[in-house]
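Single-letter residue listing:
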Amino acid sequence: GQSLEQPSEVTAVEGAIVQINCTYQTSGFYGLSWYQQHDGGAPTFLSYNALDGLEETGRFSSFLSRSDSYGYLLLQELQMKDSASYFCAVPHHNQGGKLIFGQGTELSVKP
Amino acid sequence: DVKVTQSSRYLVKRTGEKVFLECVQDMDHENMFWYRQDPGLGLRLIYFSYDVKMKEKGDIPEGYSVSREKKERFSLILESASTNQTSMYLCASIPPGATGYTFGSGTRLTVV
């Protein structure tokens, strides 16, 4: 089967850097994606890593190590508006387009 | 930008009612999905569709059915609503080969 693990919650202060980890188990791997969801809102797509390494998009970066079945989302210069839930996800191993989601990490940014 | 529109933001229905949740996307995407989201359980896939009139069961299809008569519309049907179907329902679409879903704003359904 496929499964993903991420911490249930993380707390950080404004201006700091925070890393949200995700480990996955999958019989076939095509990439790791990240979504952000504010309370009561829809998840929005943040990033996708198919290859090892760090991908940077503004204050957010995403890292993947396929050999370790591990990735993380790095948020820099934290702002209050970054308080949200963050989900990692992988494509199903033989049903393209279908995503398996982690249970989400709730990030609280304190002043 | 792709828009995925779910017809209702909040719904309250009675146990035993037949409930229709509608989802429409405006970018001609083949792939559409229905998830439910519950605290502590994350997003779980109910049904998905790769094209008109095609449907596939997800991980938790029991008590649900779907309809895809037109490419842009994917409807989730609760045949006989029960209280354990109280949840947030999220529709998503994605074109083939793309890497990110576009989600609708969700329907928070309460079954009383």
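Up top you'll find the structure we're talking about.
Structure report, in brief. (Residues numbered from 1 in each chain as written. Chains lettered and ligands numbered in written order. Predicted model: local features only at pLDDT ≥ 70, side-chain atom pairs only at ≥ 80, totals over all residues. Heavy atoms only, no water.)

Some details on the overall build of chain B
From N to C terminus, chain B includes zero helices and 12 strands. Walking chain B from its N terminus toward its C terminus, one meets helices and strands in the order β-β-β-β-β-β-β-β-β-β-β-β. Taken over C-alpha atoms, the radius of gyration comes to 13 Å for chain B, in line with the 13 Å a tight globule of 112 residues would show. Seen along its three principal axes, the alpha-carbon backbone of chain B occupies a region of about 40 × 25 × 25 Å. When each of the 112 residues of chain B is scored for burial, the buried share is 47%. Taking the intrachain contacts of chain B between residues at least 6 apart in sequence as the baseline, contacts between residues at least 24 apart amount to 54%. (Helix = DSSP H or I, 4+ residues; strand = E, 2+ residues; numbered from the N terminus. Rg over C-alpha atoms; globule rule 2.2 N^0.38 Å. Buried < 20%, exposed > 50% of the residue type's maximum accessible area, 1.4 Å probe, protein only. Contact = heavy atoms within 4.5 Å.)

Some points on the packing of aromatic side chains
The geometry of an aromatic ring pair is captured by the separation of the ring centres together with the interplanar angle, meaning the angle of the planes. The full count for this structure, using the stated rule, is 21 aromatic pairs over all chains. Chaining the aromatic ring pairs together yields one cluster made of Y35, F45, F87 and F101 of chain A together with F33, Y35, F48, Y50, Y101 and F103 of chain B. Lying across the ring of Y10 of chain B, R9 of chain B places its NZ or CZ 5.8 Å from the centre. Over the aromatic face of F74 of chain B sits the side chain of R68 of chain B, whose NZ or CZ is 6.0 Å from the ring centroid. (Phe/Tyr/Trp six-rings, centres within 6.5 Å; stacked < 30°, edge-to-face > 60°. Lys NZ or Arg CZ within 6 Å of the ring centre and 35° of its normal.)

A short note on the interface of chain A and chain B
It is common to give the size of an interface as the accessible area that goes away when the parts come together. In this assembly, 18 residues from chain A lie in contact with 21 residues from chain B. Of the roughly 1,500 Å² buried between chain A and chain B on both sides combined, carbon and sulfur atoms contribute 56%. Taken as a group, P43, K98 and F101 of chain A account for 29% of the area that chain A buries against chain B, more than any other trio of residues on that side. The tally of links from chain A across to chain B stands at one salt bridge. Counting only elements with at least two residues in the side of chain A that touches chain B, the list comes to β4 (32-37), β5 (44-49) and β10 (99-101) of chain A. Take the side of chain A that touches chain B: its biggest share by element is three residues, from β4 of chain A. Here the residues of the side of chain A that touches chain B sort into eight nonpolar, nine polar and one charged. (Buried area = accessible area lost by both parts, 1.4 Å probe. Salt bridge = Lys/Arg side-chain N within 4 Å of Asp/Glu carboxyl O. Nonpolar A, V, L, I, M, F, W, Y, C, P; charged D, E, K, R; others polar.)

Notes on the environment of Q2 of chain A
Residues and elements named next belong to chain A. Along the chain, the position of Q2 falls in the segment before β1 (3-5). Q2 sits in the buried class, given a relative accessible area of 16%. Taking the C-alpha atoms as reference points, Q2 and F29, separated by 27 residues in sequence, lie 9.8 Å from one another.

Looking at the side chain of R36 of chain B
Residue and element names in this part refer to chain B. Its place among the elements puts R36 in strand β5 (residues 31-38). Among the polar contacts listed, one links the side chain of R36 to the backbone oxygen of N84, at a separation of 3.0 Å. At 3.4 Å, the side chain of R36 forms a polar contact with the side chain of S87. Those residues in contact with R36 that lie beyond four places of it in its chain are G42, L43, R44, I46, I60, Y64, N84, Q85, T86, S87, M88 and Y89. (Polar contact = N/O pair within 3.5 Å; in protein donor to acceptor, adjacent residues only side chain to side chain.)

Topic: the nonpolar core
Membership of the largest hydrophobic core comes to 21 residues, with the highest contact counts inside it found for L4, L32, L75, Y86 and L107 of chain A. Contributing elements (two or more residues each) for this core: β2 (9-13), β3 (18-25), β4, β7 (60-65), β8 (70-75), β9 (84-91) and β11 (105-110) of chain A. Ignoring any residue separated from it by four or fewer positions in sequence, one finds L107 of chain A in contact with V10, V18, L75, L78, D82, S83, A84 and Y86 of chain A. Formed by 20 residues, the second largest nonpolar core is a distinct cluster that contains L11, Y47, V66 and A81 of chain B. (Core = buried A, V, L, I, M, F, W, Y, C linked by side-chain atoms within 4.5 Å.)

A look at the environment of V19 of chain B
Residues and elements named next belong to chain B. Locating V19 in the fold gives a position in strand β3 (residues 19-21). Overall, the relative accessible area of 0% leaves V19 in the buried class. Distance from V19 to Q85, taken between C-alpha atoms, is 11 Å for residues 66 residues apart in sequence. With residues up to four places along the chain from it excluded, the contact list for V19 reads L11, K13, L76, I77, L78, A81 and L109.

Section: the pattern of salt bridges
Residues and elements named next belong to chain B. With the rule as written, the count across this model stands at 10 salt bridges over all chains. Between E79 and K18 there is a salt bridge; the shortest N-O distance is 3.7 Å. Of this pair, E79 sits in the loop between β9 (73-78) and β10 (87-94) while K18 is found in the loop between β2 (10-13) and β3, placing the two residues 61 residues apart along the sequence. Given the relative accessible area of 39%, E79 is considered partly exposed. A salt bridge links E69 to K53; the nearest nitrogen and oxygen atoms lie 2.5 Å apart. Placement of the pair is E69 in strand β8 (residues 64-70) and K53 in the loop between β6 (42-49) and β7 (56-57), with a sequence separation of 16 residues.

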